[in-house]
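# Remarks on the overall topology
Residue strings, one per chain:
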Amino acid sequence: MDEKIVRLLNRLAEQSKRERSGELIVHPEDEMLAITPDTGRFFKIILNAMHAKRILEIGTSVGYSTLWFADAVIQNGISKAEGSNPIITIDINHSKIEKATKNFHDAEVNTLIKVVEGSAMNILQELSNNFHRENDTKKIDGLFDFVFFDADKENLRDYFDLVIPMLRVGGIVATDNMLYPEDYRPQMLNYANYVRSKPYVQSIMVPIGNGEEITIKLAPN
Ligand SMILES: C[S@@+](CC[C@H](N)C(=O)[O-])C[C@H]1O[C@@H](n2cnc3c(N)ncnc32)[C@H](O)[C@@H]1O
C-alpha cells in the first residue's frame, strides 16, 4: 500500500473510532461517519481483483473511503501523474469537502480524485445526461467499474437506476449501511428488494462493517 495513504487512513480511522465511542464530541454535521477499516480492506480486495480503474462515490465525507479507492487504483496501474480523475466523489457538505480535499493533497492523491460538491441527485442526473449524449462505444463499455452509495438513503432506488447504465458489465455497485444504523433497516430492505428484482444483476448482503450490499451487473440493462 502507498505509505502516505496508509498514514492518512490510520489517522482518520483513529478519529472515526473516537467519534463513534463518544470520546471525541463533534457537531452532528461534522461527524465523519466513515466505513470501518475492514470494509475499506474488503473494497480494496474487490477493486484489485476486478482491476477497477474508474470509480464513482456518492458520499465523500472527509475522504476515508475515497483514500482506500485511491490506493486500489494506484495498485491497478493508474499513475498519479496522469491527472485523469479515475475517481469521482460527490458530497453536499462544503466543510467536509474542504477537509476531504486537504486530506487528498496530504496523501498526494488529489490528481486522481475529482471532488464534486452538490446534491447527489442533481449531479447523477447531469452525469447520466452527459453519458447518454456520448458515442456508442463509450456506452457499451460503461463509464465506471465500481460505484459506492454512502449518502442519503431516501433516493437509493433512483440513484441505482441512474448509475446502472453507466456501469460496465462486470462492474459492481456497493451500498453501505444495510445493517447499521438499525433505523435505516426498512429503507435498506426496500432498496435490496428493488435491486434483487432486476434480472441483469446479482446481489448479496455481506455482513462486514455496517453491512454492504454488493451488486454485480451481469448483462446490459
Ligand atoms: C456516511 S458519510 C460518507 C462517509 C464516507 N463514504 C467514508 O466512508 O469515509 C455520508 C455523506 O453523504 C453526504 N450526503 C448526504 N446526503 C447527500 C446528498 N443528498 N447529496 C450528496 N451528499 C450527501 C453527507 O454530507 C456525508 O458527508
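Quantities reported herein were computed from a predicted structural model and do not represent experimental measurements.

Moving on: the overall build of the protein chain. Tallying secondary structure elements over the protein chain gives 8 helices and 7 strands in all. Computed over its C-alpha atoms, the radius of gyration of the protein chain comes to 16 Å, within 12% of the 17 Å expected for a compact globule of 221 residues. Of the contacts made within the protein chain by residues no fewer than 6 positions apart, 72% connect residues no fewer than 24 positions apart.

What follows covers the nonpolar core. With 57 residues, the main nonpolar core has Leu-67, Ala-70, Val-73, Val-147, Tyr-159 and Val-163 as its most contacted residues. By residue number, the principal contributor to this core is helix α3 (residues 64-75), which donates 7 residues. Setting aside its immediate chain neighbours within four residues, Leu-67 contacts Ile-5, Leu-8, Leu-9, Asn-103, Ala-107 and Val-109.

Before going further, it helps to spend a moment on helix α4 (residues 94-106). Taking 1.5 Å per residue as the helical rise, α4 with its 13 residues ought to reach 18 Å, and the 18 Å between its terminal C-alpha atoms agrees with that figure. The elements touched by buried residues of α4 are α1 (3-21), α3, β2 (87-91) and β3 (113-117). Following α4 by one or two positions, Glu-108 has its phi on the positive side, about 60°.

With that out of the way, let us pick up the sheet that holds β2. If you trace the 7 strands from one edge of the open sheet to the other, you get β3-β2-β1-β4-β5-β7-β6, paired in mixed fashion. The open sheet has two free edges, formed respectively by β3 and β6 (201-206), since each of these has just one partner strand. Taken pair by pair, the neighbouring strands of this sheet meet at an average axis angle of 15°, ignoring direction. In the packing of helix α7 (residues 156-163) onto the sheet, the strands contacted are β1 (55-58), β4 (144-149) and β5 (167-175), and the crossing angle to β5 comes to about 160°.

By nearness alone, 17 residues border the ligand, and Gly-59, Tyr-64, Ser-65, Ala-120 and Ala-151 come closest of all. When residues of the shell around the ligand are traced back to their parent elements, those giving at least two are α3 and β2. In terms of residue class, the shell around the ligand is made up of 8 nonpolar, 5 polar and 4 charged.

Relative to β3, β2 runs parallel, the two being bridged by 5 bridges. In the strand pairing of β3, Asp-91 is matched with Glu-117. In terms of handedness, the path from β2 via α4 over to β3 forms a crossover that is right-handed.

This part takes up α7. Looking at α7, one finds that the buried residues are Leu-156, Tyr-159, Phe-160, Leu-162 and Val-163. Taken around the axis of α7, the buried residues stretch over an arc of 165°, which confines them to a single face. For α7, the elements touching its buried residues are β1, α5 (120-133), β4, β5 and α8 (185-196).

Time to look at the environment of Ile-97. Topologically, Ile-97 is positioned in helix α4. The spatial distance from the C-alpha of Ile-97 to the C-alpha of Gly-59 is 9.9 Å, given a sequence separation of 38 residues. Every residue in contact with Ile-97, bar those within four places of it in the chain, is listed here: Thr-60, Asp-91, Val-115 and Glu-117.

Looking now at the environment of Lys-53. Tracing the sequence through the fold places Lys-53 in the loop between α2 (37-49) and β1. Between the alpha carbons of Lys-53 and Val-115 there is a distance of 16 Å; along the sequence they are 62 residues apart. Excluding anything up to four places from it in sequence, Lys-53 contacts Val-73, Asn-76, Ile-78, Pro-86 and Asp-145.

Cut-offs used in this document
- Residues numbered from 1 in each chain as written.
- Predicted model: local features only at pLDDT ≥ 70, side-chain atom pairs only at ≥ 80, totals over all residues.
- Helix = DSSP H or I, 4+ residues; strand = E, 2+ residues; numbered from the N terminus.
- Rg over C-alpha atoms; globule rule 2.2 N^0.38 Å.
- Contact = placed C-beta atoms within 7 Å.
- Core = buried A, V, L, I, M, F, W, Y, C linked by C-beta atoms within 7 Å.
- Buried ≥ 20, exposed ≤ 12 C-beta atoms within 10 Å, placed from the backbone.
- Expected span 1.5 Å × (residues − 1).
- Pairing = 2+ DSSP bridges.
- Axes fitted to C-alpha atoms, helices over the stretch in contact; angles between N-to-C directions.
- Near = placed C-beta within 6 Å.
- Nonpolar A, V, L, I, M, F, W, Y, C, P; charged D, E, K, R; others polar.
- Right-handed = clockwise from strand over helix to strand, strands pointing away.
- Arc of directions from axis to C-beta.

All we've got here are geometric facts, nothing functional implied.
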